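Listed below are the residues making up each chain.
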Amino acid sequence: MKVIFDAAQRRHYPGFFLTSGARAPNPETPARADILLEAARAAGLTPEVPPDLGLAPAASIHTPEYLAFLEGIFARWQRIEGASEEVIPNIHPDRRGGAYPLSAVGQAGYHMTDTSCPIGAETYAAALRSAHAAAHAAHRVMEGESAAYALCRPPGHHAFKDLAGGFCYLNNAAIAAQTLRASTPRVAVLDIDVHHGNGTQGVFYDRADVLTVSLHADPTRFYPFFWGHGDERGEGPGLGYNFNLPLPRKTGDEGFLAALDRALSRIAVFCPGALVVALGLDAYEGDPFAGLSVSTPGFRRIGAKIGEFGLPTVLVQEGGYVCNGLGGNLIAFLDGFGATHRVAADTER
Ligand SMILES: [Zn+2]
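My aim in this report is to walk through the structure given alongside it, one point at a time. (Residues numbered from 1 in each chain as written. Predicted model: local features only at pLDDT ≥ 70, side-chain atom pairs only at ≥ 80, totals over all residues. Heavy atoms only, no water.)

**Looking at the overall build of the chain**
Short version of the rule: Only runs of H or I of at least four residues qualify as helices and only runs of E of at least two qualify as strands under DSSP, and these elements are numbered from the N terminus. Atoms counted for the radius of gyration: C-alpha only. Globule rule: 2.2 Å times the number of residues to the power 0.38. Categorising residues by exposure relies on relative accessible area from a 1.4 Å probe, with only protein chains included: less than 20% of the type maximum marks a residue as buried, more than 50% marks it as exposed, and the intermediate range marks it as partly exposed.
When its secondary structure is counted, the chain shows 10 helices and 10 strands. Taken against the 2.2 N^0.38 rule, which gives 20 Å for 349 residues, the C-alpha radius of gyration of the chain at 19 Å falls within 12% of a compact globule. If you line up the chain on its principal axes, its C-alpha atoms span 65 × 45 × 40 Å. Across the 349 residues that make up the chain, the buried fraction comes to 59%.

**Thoughts on the sheet that holds strand S9 (residues 274-279)**
Which entries qualify depends on this criterion: Strands qualify as paired when DSSP identifies two bridges or more between them. Interaxial angle, 0 to 180 degrees, is taken between N-to-C directions of lines fitted to C-alpha atoms, where a helix line uses only the stretch in contact.
Judged by pairing direction, the sheet is parallel, and its 8 strands sit side by side in the order S4-S1-S5-S10-S9-S6-S7-S8 without closing on themselves. Here the strands that pair on one side only, and so sit at the sheet edges, are strand S4 (46-48) and strand S8 (242-247). Each strand of the sheet is rotated relative to its neighbour by a mean of 20°, with strand direction disregarded.

**Observations regarding the pattern of salt bridges**
Worth spelling out the cut-off: Salt bridges are identified by distance alone: a Lys or Arg side-chain nitrogen within 4 Å of an Asp or Glu carboxyl oxygen.
This structure, assessed with the given rule, holds 14 salt bridges. Residue Asp 34 is joined to Arg 10 by a salt bridge in which the shortest nitrogen-to-oxygen separation is 2.7 Å. Placement of the pair is Asp 34 in helix H1 (residues 30-42) and Arg 10 in the loop between strand S1 (2-4) and strand S2 (16-19), with a sequence separation of 24 residues. The exposure class of Asp 34 is partly exposed, given its relative accessible area of 33%. Residue classification places Arg 10 among the partly exposed positions, given a relative accessible area of 32%. Here Arg 181 ties to Asp 209 by a salt bridge, and the two come within 2.7 Å at their closest N and O atoms. Placement of Arg 181 in the loop between helix H6 (172-180) and strand S6 (187-191) and of Asp 209 in the loop between helix H7 (198-204) and strand S7 (210-217) is noted, with a sequence separation of 28 residues between them. Residue Asp 209 is classed as buried on the basis of its relative accessible area, which comes to 16%. Connected via shared salt-bridge partners are Lys 2, Glu 48, Arg 140, Glu 143 and Glu 145.

**A few points about the coordination of the zinc ion**
What counts, and what does not: Only nitrogen, oxygen and sulfur atoms qualify as donors, provided they sit within 2.8 Å of the metal or within 3.2 Å for Na, K and Ca; with water excluded from the atoms, sites may seem incomplete. Square planar and octahedral assignments, for four and six donors respectively, both demand that opposite donors be over 155 degrees apart and that all other angles lie between 65 and 115; tetrahedral needs four donors with all angles between 85 and 135 degrees, and anything else is irregular.
Taken together, the protein donors to the zinc ion comprise Asp 193 (OD), Asp 193 (OD), His 195 (ND1) and Asp 282 (OD), at separations of 2.0 to 2.8 Å. Considering all 4 donor atoms around the zinc ion, the spread of angles at the metal, 51 to 153°, places the coordination shape in the irregular class. For the zinc ion, the single-chain donor residues occur in sequence as D-x1-H-x86-D. Remark: Asp 282 occurs in the loop between S9 and helix H9 (296-308) and Asp 193 occurs in the loop between S6 and H7; sequence separation between them is 89 residues.

**What to know about the nonpolar core**
Stated formally: The set of buried Ala, Val, Leu, Ile, Met, Phe, Trp, Tyr and Cys residues whose side-chain atoms join them within 4.5 Å is what this entry labels a nonpolar core.
Counting residues in hydrophobic clusters, the biggest one holds 51 residues, and the most contacted among them are Tyr 149, Leu 190, Ile 302 and Phe 333. Looking at this core, the element that brings in the most residues is helix H8 (residues 253-270), giving 8 residues. Judged by nonpolar contacts, the second largest core, of 48 residues, contains Leu 67, Phe 74, Ala 133 and Val 314.

**Some words on the pairing of strand S10 (residues 313-317)**
We count it as follows: Here the term right-handed applies to a crossover when the path leading from its first strand over the helix to its second strand runs clockwise, the strands being oriented away from the viewer.
Among the 5 residues in S10, 5 count as buried, and that is most of the element. Alternating residues of S10 divide into Thr 313, Leu 315 and Gln 317 and Val 314 and Val 316, and every residue in both groups is buried. Both S9 and S10 contribute to a ladder of 5 bridges, which runs parallel. Residue Leu 279 lies in a different strand from S10, and its bridge partner there is Gln 317. In this view, the connection linking S9 to its parallel neighbour S10 by way of H9 has right-handed handedness.

**Description of helix H4 (residues 104-111)**
The following threshold applies: By definition in these notes, contact holds between two residues if any of their heavy atoms fall within 4.5 Å. Here a polar contact is recorded for every N or O atom pair within 3.5 Å, except that within protein the pair must consist of a potential hydrogen donor and a potential acceptor, and residues adjacent in sequence are included only if both atoms are side-chain atoms.
Judged by how many residues are buried, H4 sits mostly within the fold: 7 of 8 residues are covered. Of all the residues in H4, the buried ones are Ala 104, Gly 106, Gln 107, Ala 108, Gly 109, Tyr 110 and His 111. Those residues of H4 hidden inside the fold are in contact with helix H3 (64-78). Of the residues flanking the start of H4, the one acting as N-cap is Ser 103, its side-chain oxygen 3.1 Å from the backbone nitrogen of Val 105.

**Notes on the environment of Pro 237**
When you line up the elements, Pro 237 lands in the loop between S7 and S8. A C-alpha to C-alpha distance of 8.7 Å links Pro 237 and Tyr 205, two positions 32 residues apart in sequence. Ignoring sequence-local partners within four residues, the contact set of Pro 237 consists of Asp 206, Arg 207 and Ala 208.

**Thoughts on unusual backbone geometry**
Cis geometry is found at the peptide bond from Arg 153 to Pro 154, where omega equals 5°. Position of Pro 154 among the secondary structure elements: in the loop between strand S5 (147-150) and H6. The residue after Tyr 223, namely Pro 224, is reached through a cis peptide bond having omega 10°. Looking at the secondary structure, you find Pro 224 in the loop between S7 and S8. With a phi angle near 50°, Ser 20 is a residue other than glycine that sits in the positive phi range. As for its placement among the helices and strands, Ser 20 is situated in the loop between S2 and strand S3 (22-25). For Cys 271, which is not glycine, the phi torsion reads 55° and is therefore positive. As for its placement among the helices and strands, Cys 271 is situated in the loop between H8 and S9. The class of Cys 271 is partly exposed, set by a relative accessible area of 49%.

This is the structure we're talking about:
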């Protein structure tokens, strides 16, 4: 299996975020990518740099208005006297109407759901390369590889069509799913990050061709709070094509694996031609976000269960923050996945 990554993805280096109102170092650091890349190599994956795919992957999901904002906002922000170095919103419109502000501050509020997605000089370029990694991994799978791992950083699953949020700017998992749609009529996205994949849900909420399923810590007391509840099932033609499995805080391996069984059963009856796994590793018991309590051996079992499914699969990196277990958890997941995924693919042939 290949690990798709470009060093330019390291250049986004957000300074801080607000947690419970307090300024704290932003945990979505380039060091994450270094640890994950080393772990992927240790698991036997071959590194590959994605080609420059331009704007097409991002434009397949995100609005032109939003992409223009991401492209230009850092330079515009620098022209505001006394402004912060990074773009951070200080207004959060509820139920945005039709009016679109011309001001940089107004647009930052319009396009950013929270303060944890600051935009620096290199953010847009790094996010584009992260999206290229996802799209290229999908291309590899469409060309016949049974699976590929996109080391997407910055991550993507909290980004909507026109909204950044939660360390995310471009929705890499959605981009992978949309890319795969060119080769198969139905694609499933399985999000196992500790946080609900609200952006991915939002992108496909009214669509029946992409099933979105998310396992995550119950949002009644956990980010992203306003999405991820069990009664969010999709709308319009997409009604019944979104499945949320909120889990009690500190749920461990057995509870997580039982929920994963439910998720995979739902995906099985959707009969997809390909699978995207939004691979957060922050459900780990030692992750700084402390939402769930999956162990390192638990990630191996999770990988094995997903591998047994035997679908062409794009693994897209989401969360998982610097802690002692981060690299080991990726190795465990990939080992478990690789062991069973080959078997399932062989059986199918
Ligand atoms: Zn997360």
